[in-house]
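The lines below spell out each chain.
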Amino acid sequence: MTPPPGWYADPEAPHLECWWDGRAWTEHRRTPSGLPAPPTPAARASGRARAVALTSAAAVLATAIVSGATVLRTDEARGRTDTTVRAAPSAAAPPSLVVDQLNGITLPVPAGWTGSSYLAQDDVVMTTDGTYACPAHTGRCRHGQVISRTAGSADGASPRTVAERDVPDAADAAFGHDPGGRRPYGGIRSHQVVKSGRVAVAGRDGYLVRWRVRTADGPGGYVQSLAFPSDTGVPAPVVVRFAFDAGPDGPPLADMDKITNGIRPAG
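In this text, all values refer to a predicted model and were calculated from it rather than measured experimentally.

On to the pairing of strand β14 (residues 188-201). In the sheet, β14 pairs with strand β15 (residues 204-215) via twelve bridges, with the strands oriented antiparallel. If you follow Lys195 over to β15, its bridge partner there is Arg210. Hairpin connection of β14 to β15: two residues between the antiparallel strands, including Ala202 at a positive phi of 55°.

Laid out in structure tokens, this is it:
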């Protein structure tokens with residue numbers, strides 16, 4: 001079975017979306033925000049600050065075997081024809097890996113989590129399935145999310161320094177104020193460091209800091225900032241943020257360690 005027509009992550013340019021007509025890829029592309037794709041690589045580089053491409057190795061392999069499509073593209077300006085094999089988008093299982101191409105890493109997606117190529121919030125690479133009414137009744141919340149980003153203004157800083165500086169911001173972003181300035185959990189009342197120390201991440205020497213956060217409304221939660229050197233030539237370290245609800249419906253803390261231990265260099 002092939003998926004219905006629609007916009008899907010472009011297999012050749014995961015930071016863009018390509019129109020699948022139900023049988024084959026077309027040449028229509030756009031950005032995830034719905035704007036037409038810029039015409040040149042230079043223009044694309046000046047758009048969204050970062051792009052997180054999501055893929056499933058198993059789903060892509062299975063789909064490529066069953067419904068791979070060969071698309072002939074004619075470049076009239078150069079007078080040549082290129083042949084590219086492109087797999088159809090998967091309509092089956094959710095991805096088992098998240099690929100962060102900007103930072104050159106992959107992250108495992110545990111059971112109960114979903115990696116999405118349609119990012120409602122910058123840098124979010126996976127969330128727990130479903131939503132619920134926020135404790136302070138300000139909208140909908142999720143029981144867990146993971147964010148992958150490049151540390152800002154941290155050139156030359158050690159992973160420990162980056163993680164220790166980042167975790168307060170991670171806590172506020174997850175349990176303090178949402179992007180609209182509201183307090184879904186009524187605000188943070190206190191925090192406690194429950195874990196910190198060096199950790200090997202993708203073969204590199206990293207550092208993590210984990211807080212137990214108590215909020216005015218709801219059970220509070222756990223936040224973790226994990227920092228490690230980038231393998232892509234960028235001087236600033238990579239930061240992976242975790243935010244888990246502490247209630248009975250929240251994801252197990254073991255998922256933090258599972259995702260951390262499963263981070264690998266992309267490719």
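Within this structure, the stated rule accounts for four aromatic pairs. Look at Trp113 and Phe244: their rings are 5.3 Å apart centre to centre, the planes differ by 45°, and that puts the pair in the tilted class. Here the residue Trp113 occupies a position in strand β9 (residues 113-114), and Phe244 occupies one in strand β17 (residues 238-245), the gap between them amounting to 131 residues. Residues Trp113 and Phe244 agree in their burial class; the two are buried. Taking the ring centre of Tyr222 as reference, the NZ or CZ of Arg212 above it sits at 5.3 Å.

Turning to the pairing of strand β7 (residues 97-100), a few remarks are in order. By the bridge criterion, four bridges tie β7 to strand β8 (residues 105-108) in an arrangement that is antiparallel. Within β8, the residue paired with Leu97 across the bridge is Pro108. What sits between β7 and β8 in their antiparallel hairpin is a turn of four residues, with Gly104 showing a positive phi close to 70°.

Counted according to the given criterion, the structure contains two cavities of 30 Å³ or more. A volume near 60 Å³ is recorded for the second largest cavity. Those elements that place two or more of their residues in the lining of the second largest cavity are β13 (144-150), α3 (159-176) and β17. Per-class residue counts for the lining of the second largest cavity are six nonpolar, one polar and one charged.

Looking now at the side chain of Arg212. Structurally, Arg212 is set in strand β15. Despite being buried, Arg212 has no salt bridge partner; Asp245 is the closest side chain of opposite charge, sitting 9.2 Å away. A distance of 3.3 Å separates the side chain of Arg212 from the backbone oxygen of Pro219, its partner in a polar contact. The residues touching Arg212, leaving out its near neighbours within four places in the chain, are Ser190, His191, Gln192, Val194, Pro219, Gly220, Gly221, Tyr222 and Ala246.

Thresholds, definitions, all that
Residues numbered from 1 in each chain as written. Predicted model: local features only at pLDDT ≥ 70, side-chain atom pairs only at ≥ 80, totals over all residues. Heavy atoms only, no water. Pairing = 2+ DSSP bridges. Helix = DSSP H or I, 4+ residues; strand = E, 2+ residues; numbered from the N terminus. Phe/Tyr/Trp six-rings, centres within 6.5 Å; stacked < 30°, edge-to-face > 60°. Buried < 20%, exposed > 50% of the residue type's maximum accessible area, 1.4 Å probe, protein only. Lys NZ or Arg CZ within 6 Å of the ring centre and 35° of its normal. 1 Å grid on protein atoms, 1.4 Å probe; cavity = no way out; pocket = protein on both sides within 12 Å on 5 of 7 lines; lining within 4 Å. Points joined across faces, edges and corners; volume = space filled by probe spheres on them. Nonpolar A, V, L, I, M, F, W, Y, C, P; charged D, E, K, R; others polar. Lys, Arg positive; Asp, Glu negative; His and termini not counted. Salt bridge = Lys/Arg side-chain N within 4 Å of Asp/Glu carboxyl O. Polar contact = N/O pair within 3.5 Å; in protein donor to acceptor, adjacent residues only side chain to side chain. Contact = heavy atoms within 4.5 Å.

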